[in-house]
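# Working through the structure, step by step
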Amino acid sequence: MKYGVKNINKSYKDLKILDNISIDFEEYKTTCILGESGVGKTTLLNIIAGITDKDTGDIIGFGDEVSSFVFQEDRLIEWKNVKDNISFVLQKKIKKIEIENLIDKYLKLVNLEEYKYFYPKDLSGGMRQRISILRAFIYPSRILIMDEPFKSLDINNKQIVIELFKKLKTVEKKTCILVTHDVEEAITLGDKIVILSNKPTRVNVIIDNSSILDENDENKSKLKKVIEGKMIRNI
Amino acid sequence: MKSYILKNRKLSIISKIYLIIIWILLSQTINNDVIVPSIKSTFISMIELIKDPGFLNIISSTILRTLLGFLISLFLAIILGILSSISKIVHNLMQPILKFLNSVPTIAIIVLALIWLNNEIVPIFVGFLMVFPVLYETVLQSILNIDKNIIQMAYLYRVNKIEIIKNIYIPNIFYNLSTIFNSALGINLKMVIAGEVLAQPKYSIGSKIQLERMYLNTSGVFAWIIIILFISAMFDYMVKALRYLFGINKWK
């Protein structure tokens, strides 16, 4: 299955936000869309998700596909416990008897089974985002769209949530699109990094990161410097 | 958290003792049972009221009127609140009615109600006048101010509309209503009794208070006030039980 966007343009009144954006999303890989805050990354994601209309261009492969989502905020329902929050999005998609088994299986996999009946108010910010990511992975979809999911987390929680994402990614194969402004996040998680330029937003560089993902910290920090250099030149 | 609750309880008990001390001091200083009756005479009056064969009939009639009026207000507030949130026509039709109820003195409407309505219905109507606008606004605001991010999440995960209404909108409405149930029921009880004082239905606390006033039996009025406080406390426990039953305390 091929997923992508081709020649996407978007303006708000006279202000051009997205200028001829074309990106291919490789199946079962993670594509990181990297750019400074306010360049229109979320707008691009919203166009892909069908929340915002594009002016011109094509969305390829997403039409009939159901997608999972992780947002900047956890978006958990306060009056539902962890189990009910997850099963809320699964009903009508998976048989009722299977839902609980599935939730148990995944909670056990990520060592969160003791939190099954916890309400969101009893969970820390990091824990809430872990449940949000778990919900996205359990949901039967082939695409996972994530909009700066680690933005509101402190450094320790961020590391824990990133590890959870990596673990789930090995178990459940999904084509992931991750929007971020954080270069380190992009290098740690992205098989492909798409760097966006600033106002109007264009695709500046596409970096194949799959060979560097498993490499040592020295090579990663070299790449980080290169990306940061490119981003500074864009501003 | 526990010590905070205990502190509150302590303060509540202290304030009750404080009120009783003021009452004792006032009744001893004035020394006139018609102006401020003593605790003893109030207690004797209360025993007499309770021994009266019609006592249960009187309080159950007032409680029934209060609950019936409250349920009618609640039902109409939910229906009209929902309709107002989805229809601009209903919303705009409701605005002048609410404006009228909020700005015209309640006593003026009560006088009209006394002319137009049966004296059994007037107390219910008076309670409705006060409580309905509060409940209606709560329902409307619960729908309009719902967390849009949660709704968007549900749509993106392709949860159908009925499930969204059942799992997000309705619990949010009932949670917000539950936070004002105590005060709304309290106001309703007070207004129903005020309506009873004016309309004089056959069995009612309000008619009995009016009767005690006519005989200048102030200890009888005080005794009824204490009984009303007990009924009000019973409503408080009822609302707490409902919150417990619906599991609201677990997540808030």
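Residues numbered from 1 in each chain as written. Chains lettered and ligands numbered in written order. Predicted model: local features only at pLDDT ≥ 70, side-chain atom pairs only at ≥ 80, totals over all residues. Heavy atoms only, no water.

### Considerations on the layout of surface pockets
Residue and element names in this part refer to chain B. Here the largest pocket is characterised by a volume of approximately 830 Å³. Lining the largest pocket are 19 residues, and of these Lys16, Leu19, Ile226, Leu229 and Phe230 sit closest to its centre. Counting residues per element, the ones that place at least two in the lining of the largest pocket are α1 (2–30) and α10 (218–245). Tallied by class, residues from the lining of the largest pocket come to 12 nonpolar, three polar and four charged. Among the domains, domain 1 (1–31) and domain 2 (39–251) are the pair contributing at least three residues each to the lining of the largest pocket. (1 Å grid on protein atoms, 1.4 Å probe; cavity = no way out; pocket = protein on both sides within 12 Å on 5 of 7 lines; lining within 4 Å. Points joined across faces, edges and corners; volume = space filled by probe spheres on them. Helix = DSSP H or I, 4+ residues; strand = E, 2+ residues; numbered from the N terminus. Nonpolar A, V, L, I, M, F, W, Y, C, P; charged D, E, K, R; others polar. Domains from an automatic or database assignment.)

### Notes on helix α8 (residues 161–199) of chain B
Residue and element names in this part refer to chain B. The end-to-end C-alpha distance of α8, which contains 39 residues, comes to just 47 Å, noticeably less than the 57 Å that a straight helix rising 1.5 Å per residue would cover. Maximal helix bending in α8 amounts to about 50 degrees, located at Ile180. One or two residues past the end of α8 sits Gln200, with phi positive at roughly 55 degrees. (Expected span 1.5 Å × (residues − 1). Bend = angle between axes of the 7 residues up to and from the residue.)

### Examining the nonpolar core
The nonpolar side chains of soluble globular proteins are, as a tendency, buried together. Phe25, Leu90, Ile193 and Ile227 of chain A together with Ile168 of chain B are the most contacted members of the largest nonpolar core, which totals 86 residues. At seven residues, helix α4 (residues 125–138) of chain A tops the list of elements feeding residues into this core. Sequence-distant contacts of Ile168 of chain B, that is, excluding residues within four places in its chain, are made with Ile77, Trp79 and Phe88 of chain A together with Ile146, Ile150, Ile151, Ala154 and Glu163 of chain B. By size, the runner-up hydrophobic cluster in this structure holds 42 residues, among which are Phe132, Ile193, Ala223 and Ile227 of chain B. (Core = buried A, V, L, I, M, F, W, Y, C linked by side-chain atoms within 4.5 Å. Buried < 20%, exposed > 50% of the residue type's maximum accessible area, 1.4 Å probe, protein only. Contact = heavy atoms within 4.5 Å.)

### So, the interface of chain A and chain B
At the junction of the two partners, chain A supplies 27 residues and chain B supplies 19 residues. Taken together, both faces of the contact between chain A and chain B bury some 2,100 Å²; the carbon and sulfur share is 62%. Where chain A meets chain B, there are one salt bridge. Glu163 of chain B serves as the salt-bridge partner of Lys92 of chain A, at 3.4 Å between the closest nitrogen and oxygen. Linking chain A with chain B are 11 residue pairs in polar contact (both at pLDDT 80 or more). (Buried area = accessible area lost by both parts, 1.4 Å probe. Salt bridge = Lys/Arg side-chain N within 4 Å of Asp/Glu carboxyl O. Polar contact = N/O pair within 3.5 Å; in protein donor to acceptor, adjacent residues only side chain to side chain.)

### Regarding the packing of aromatic side chains
Residues and elements named next belong to chain B. In this structure the tally under the stated criterion is 12 aromatic pairs over all chains. Between Trp23 and Phe222, the aromatic rings sit 5.5 Å apart at their centres with planes inclined by 40 degrees, giving tilted as the arrangement. Here Trp23 is found in helix α1, whereas its partner Phe222 is found in helix α10, with 199 residues between them in sequence. Judged by its relative accessible area of 17%, Trp23 falls in the buried class. (Phe/Tyr/Trp six-rings, centres within 6.5 Å; stacked < 30°, edge-to-face > 60°.)

### Re the sheet that holds strand β1 (residues 3–12) of chain A
Residue and element names in this part refer to chain A. With antiparallel pairing, the three strands of this open sheet are ordered in space as β2-β1-β4. Two strands lie at the open edges of the sheet, namely β2 (15–25) and β4 (56–60), each paired on one side alone. When the angles between neighbouring strand axes are averaged without regard to direction, this sheet yields 15 degrees. With seven bridges connecting them, β1 and β2 associate as antiparallel partners. Each bridged residue has a counterpart across the sheet, and for Tyr3 the counterpart in β2 is Phe25. Taken strand by strand, helix α1 (residues 41–49) contacts β1, β2 and β4, and its axis lies near 60 degrees from that of β2. (Pairing = 2+ DSSP bridges. Axes fitted to C-alpha atoms, helices over the stretch in contact; angles between N-to-C directions.)

### Concerning the UniProt feature "domain: ABC transmembrane type-1" (unreviewed entry) in chain B
With numbering aligned to this structure, UniProt lists the feature "domain: ABC transmembrane type-1" (unreviewed entry) at residues 59–239 of chain B. Helix makes up 87% of residues 59–239 of chain B and strand 0%, with an end-to-end C-alpha separation of 19 Å. (UniProt positions renumbered as here; feature names shortened; annotations may be inferred.)

### Details of the domain arrangement of chain B
Frequently, the measure chosen for interface size is the accessible area removed from exposure when the parts meet. By domain assignment, chain B separates into domain 1 (1–31) and domain 2 (39–251). Taking the mean C-alpha position of each, domain 1 of chain B and domain 2 of chain B sit 28 Å from one another.

### Some thoughts on the sheet that holds strand β9 (residues 203–208) of chain A
Residues and elements named next belong to chain A. Across the sheet, which stays open at both edges, the six strands sit in the order β5-β6-β7-β3-β8-β9 with mixed pairing between neighbours. Because the sheet does not close on itself, it has two edges, and the strands there are β5 (67–70) and β9. Direction aside, neighbouring strands of the sheet carry axes that sit 15 degrees apart on average. Looking at chain direction, β5 and strand β6 (residues 143–147) are connected through four bridges and run parallel.

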